[in-house]
Amino acid sequence: MTLSEAAAERVRTLMSRSEKPIAGLRIGVKNGGCAGMEYTMEYAENADPMDEVVEDKGVKLLIDPKAVLFLLGTEMDYRTDRLTSGFVFNNPNQTSACGCGESVELTPAAEAARRGFEPTHRAS
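Just so we're clear, the structure is a prediction, and the values are computed from it rather than from any experiment. The written sequence of each chain sets the order in which its residues are numbered from 1. Two thresholds apply to this predicted model, a pLDDT of at least 70 for residue-level local features and 80 or more for giving and counting side-chain atom pairs, whereas whole-chain, interface and lining totals are computed over all residues. Hydrogens and water molecules were not included; the side-chain quantities draw on all heavy atoms of the structure.

Draft legend 1. Spotlight on the overall build of the protein. Here a strand is any run of E in DSSP of at least two residues, a helix any run of H or I of at least four, and the numbering for each starts at the N terminus. If you tally the helices and strands in the protein, you get 3 helices and 9 strands. Reading the secondary structure of the protein in the N-to-C direction produces β-α-β-β-β-β-α-β-β-β-β-α. Sorting the 124 residues of the protein into buried and exposed places 37% on the buried side. All accessible areas in this document rest on Shrake-Rupley with a 1.4 Å probe, and a residue is counted as covered only by the protein chains that are shown. By element, 50% of the accessible surface of the protein is carried by carbon and sulfur atoms, the whole surface being about 7400 Å². Classification of residues uses two cut-offs on accessible area relative to the type maximum, computed with a 1.4 Å probe and protein chains only: under 20% is buried, over 50% is exposed, and between them is partly exposed.

Draft legend 2. Fine view of the environment of Glu52. Relative to the assigned elements, Glu52 resides in strand S4 (residues 52–56). In sequence terms Glu52 and Ile63 are 11 residues apart; their C-alpha atoms lie 4.9 Å from each other. If we skip the residues at most four places from it in the chain, Glu52 touches Leu61, Leu62, Ile63 and Val68. Between two residues, a contact is recorded if the distance between any of their heavy atoms is within 4.5 Å.

Draft legend 3. Spotlight on the pattern of salt bridges. Counted as salt bridges are all cases of a side-chain nitrogen of Lys or Arg within 4 Å of a carboxyl oxygen of Asp or Glu. Inspection of every chain in the model, using the stated rule, returns 7 salt bridges. For Glu9, the salt bridge is made with Arg12, and the minimal N-O distance between the two is 3.0 Å. Of the two residues, Glu9 and Arg12 are both situated in helix H1 (residues 5–16); the distance of 3 residues between them amounts to about one turn of the helix. Lys20 is paired through a salt bridge with Glu45; the nearest N and O atoms lie 3.4 Å apart. Highlighted residues: Lys20 in the loop between H1 and strand S2 (24–31) and Glu45 in the loop between strand S3 (37–44) and S4, separated in sequence by 25 residues.

Draft legend 4. Spatial organisation of the environment of Val29. Inspection of the secondary structure assignment puts Val29 in strand S2. The class of Val29 is buried, set by a relative accessible area of 16%. Separated by 10 residues in sequence, Val29 and Tyr39 have C-alpha atoms that sit 4.4 Å apart.

Draft legend 5. Examining the packing of aromatic side chains more closely. What counts as a ring pair is set by centres within 6.5 Å for rings of Phe, Tyr and Trp (its six-membered ring), and what kind of pair is set by the plane angle: stacked under 30 degrees, edge-to-face over 60, tilted for all other angles. Per the stated rule, a full pass over the model turns up 2 aromatic pairs. Centroid distance Tyr39 to Phe89: 4.1 Å. Interplanar angle 15°. Geometry classified as stacked. Here Phe89 lies in strand S7 (residues 85–90) and Tyr39 lies in strand S3, a separation of 50 residues in the sequence. Each member of the pair, Tyr39 as well as Phe89, is classed as buried.

Draft legend 6. Quick peek at the nonpolar core. Grouped together as the largest cluster of nonpolar side chains are 22 residues, with contacts concentrated most on Met1, Ile27, Val29, Leu61, Leu71 and Met76. Of all the elements in the fold, those that place two or more residues in this core are H1, S2, S3, strand S5 (59–63), helix H2 (68–71) and strand S6 (75–80). Ranked by residues supplied to this core, first place goes to H1 with 4 residues. With sequence-adjacent residues up to four places away left out, Leu61 is seen in contact with Met1, Leu3, Leu25, Ile27, Glu52, Val53 and Val54. To form a nonpolar core, buried Ala, Val, Leu, Ile, Met, Phe, Trp, Tyr and Cys residues must be joined to one another through side-chain atoms within 4.5 Å.

If you want it as C-alpha coordinates, here you go:
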(Lines give C-alpha, C1' and ligand atoms only; values in the text may rest on other atoms or scores of the structure.)
Protein backbone atom coordinates (compact mmCIF):
# COMPACT_ATOMS: atom_id res chain seq x y z
CA MET A 1 0.00 0.00 0.00
CA THR A 2 1.27 3.47 -0.89
CA LEU A 3 0.21 7.08 -0.41
CA SER A 4 0.00 9.85 -2.96
CA GLU A 5 1.79 13.08 -2.01
CA ALA A 6 -1.62 14.70 -1.34
CA ALA A 7 -2.72 11.87 0.98
CA ALA A 8 0.59 11.85 2.86
CA GLU A 9 0.45 15.61 3.39
CA ARG A 10 -3.16 15.45 4.63
CA VAL A 11 -2.46 12.55 7.03
CA ARG A 12 0.64 14.29 8.42
CA THR A 13 -1.39 17.48 8.95
CA LEU A 14 -4.25 15.67 10.69
CA MET A 15 -1.94 13.59 12.87
CA SER A 16 0.03 16.67 13.96
CA ARG A 17 -3.19 18.12 15.40
CA SER A 18 -3.83 15.13 17.66
CA GLU A 19 -3.73 15.71 21.38
CA LYS A 20 -2.50 12.14 22.00
CA PRO A 21 0.62 10.43 20.66
CA ILE A 22 -0.21 8.42 17.54
CA ALA A 23 1.70 5.31 16.45
CA GLY A 24 0.21 5.42 12.96
CA LEU A 25 -2.91 5.36 10.83
CA ARG A 26 -4.68 1.98 10.94
CA ILE A 27 -6.25 1.00 7.61
CA GLY A 28 -8.68 -1.87 7.19
CA VAL A 29 -11.86 -3.07 5.55
CA LYS A 30 -15.14 -4.17 7.06
CA ASN A 31 -18.34 -5.74 5.80
CA GLY A 32 -20.96 -3.14 5.06
CA GLY A 33 -22.55 -0.85 2.53
CA CYS A 34 -24.52 -1.79 -0.54
CA ALA A 35 -21.48 -3.14 -2.45
CA GLY A 36 -20.33 -5.37 0.43
CA MET A 37 -17.24 -3.77 1.99
CA GLU A 38 -16.09 -0.42 3.33
CA TYR A 39 -12.62 0.97 3.97
CA THR A 40 -11.81 1.92 7.56
CA MET A 41 -9.27 4.39 8.91
CA GLU A 42 -8.48 5.34 12.49
CA TYR A 43 -5.63 6.75 14.52
CA ALA A 44 -3.77 4.06 16.41
CA GLU A 45 -2.08 4.86 19.70
CA ASN A 46 -0.24 1.52 19.55
CA ALA A 47 0.69 -0.89 16.80
CA ASP A 48 -0.81 -4.35 17.11
CA PRO A 49 1.83 -7.10 16.79
CA MET A 50 -0.17 -8.57 13.89
CA ASP A 51 -0.40 -5.30 11.92
CA GLU A 52 1.46 -5.05 8.64
CA VAL A 53 3.52 -1.86 9.01
CA VAL A 54 4.08 0.28 5.92
CA GLU A 55 5.97 3.56 6.01
CA ASP A 56 5.55 5.84 3.02
CA LYS A 57 6.35 9.55 2.60
CA GLY A 58 6.80 10.08 6.33
CA VAL A 59 3.54 8.36 7.33
CA LYS A 60 3.27 5.06 9.20
CA LEU A 61 0.34 2.91 8.08
CA LEU A 62 -0.77 -0.02 10.21
CA ILE A 63 -2.63 -2.45 7.97
CA ASP A 64 -5.17 -4.66 9.74
CA PRO A 65 -4.05 -8.26 9.12
CA LYS A 66 -7.56 -9.21 7.92
CA ALA A 67 -7.32 -6.52 5.22
CA VAL A 68 -3.85 -7.18 3.79
CA LEU A 69 -4.98 -9.33 0.84
CA PHE A 70 -7.70 -6.79 -0.02
CA LEU A 71 -5.27 -3.84 0.04
CA LEU A 72 -2.25 -5.22 -1.85
CA GLY A 73 -1.27 -2.73 -4.55
CA THR A 74 -3.60 0.00 -3.28
CA GLU A 75 -2.73 3.69 -3.42
CA MET A 76 -4.50 6.02 -0.99
CA ASP A 77 -5.04 9.49 -2.45
CA TYR A 78 -6.61 12.69 -1.13
CA ARG A 79 -8.76 14.67 -3.56
CA THR A 80 -10.50 17.98 -3.36
CA ASP A 81 -13.03 19.16 -5.91
CA ARG A 82 -15.69 21.85 -5.94
CA LEU A 83 -18.12 20.04 -3.64
CA THR A 84 -16.17 17.41 -1.71
CA SER A 85 -12.81 16.44 -0.32
CA GLY A 86 -11.64 13.17 1.09
CA PHE A 87 -9.48 10.10 0.89
CA VAL A 88 -9.85 7.84 -2.14
CA PHE A 89 -8.52 4.30 -2.45
CA ASN A 90 -7.21 3.34 -5.90
CA ASN A 91 -7.38 -0.41 -5.41
CA PRO A 92 -6.57 -2.95 -8.15
CA ASN A 93 -8.53 -5.56 -6.14
CA GLN A 94 -11.76 -3.57 -6.42
CA THR A 95 -14.24 -5.19 -8.79
CA SER A 96 -17.15 -2.75 -8.36
CA ALA A 97 -18.44 0.10 -6.19
CA CYS A 98 -21.81 1.43 -5.15
CA GLY A 99 -23.17 4.57 -6.76
CA CYS A 100 -22.52 6.77 -3.74
CA GLY A 101 -18.87 5.65 -3.54
CA GLU A 102 -19.07 4.64 0.12
CA SER A 103 -18.66 0.90 -0.34
CA VAL A 104 -16.84 -1.43 -2.71
CA GLU A 105 -16.64 -5.03 -3.80
CA LEU A 106 -13.13 -6.44 -3.35
CA THR A 107 -11.48 -9.67 -4.41
CA PRO A 108 -8.58 -10.79 -2.19
CA ALA A 109 -5.30 -10.63 -4.12
CA ALA A 110 -4.51 -14.32 -3.52
CA GLU A 111 -7.93 -15.39 -4.82
CA ALA A 112 -7.57 -13.21 -7.91
CA ALA A 113 -4.14 -14.70 -8.65
CA ARG A 114 -5.42 -18.25 -8.16
CA ARG A 115 -8.23 -17.67 -10.69
CA GLY A 116 -5.88 -15.96 -13.14
CA PHE A 117 -7.75 -12.67 -12.66
CA GLU A 118 -5.95 -9.52 -13.85
CA PRO A 119 -7.27 -6.74 -11.63
CA THR A 120 -7.90 -3.42 -13.32
CA HIS A 121 -7.40 0.02 -11.85
CA ARG A 122 -10.65 1.78 -10.98
CA ALA A 123 -10.91 5.20 -9.47
CA SER A 124 -13.80 5.94 -7.15
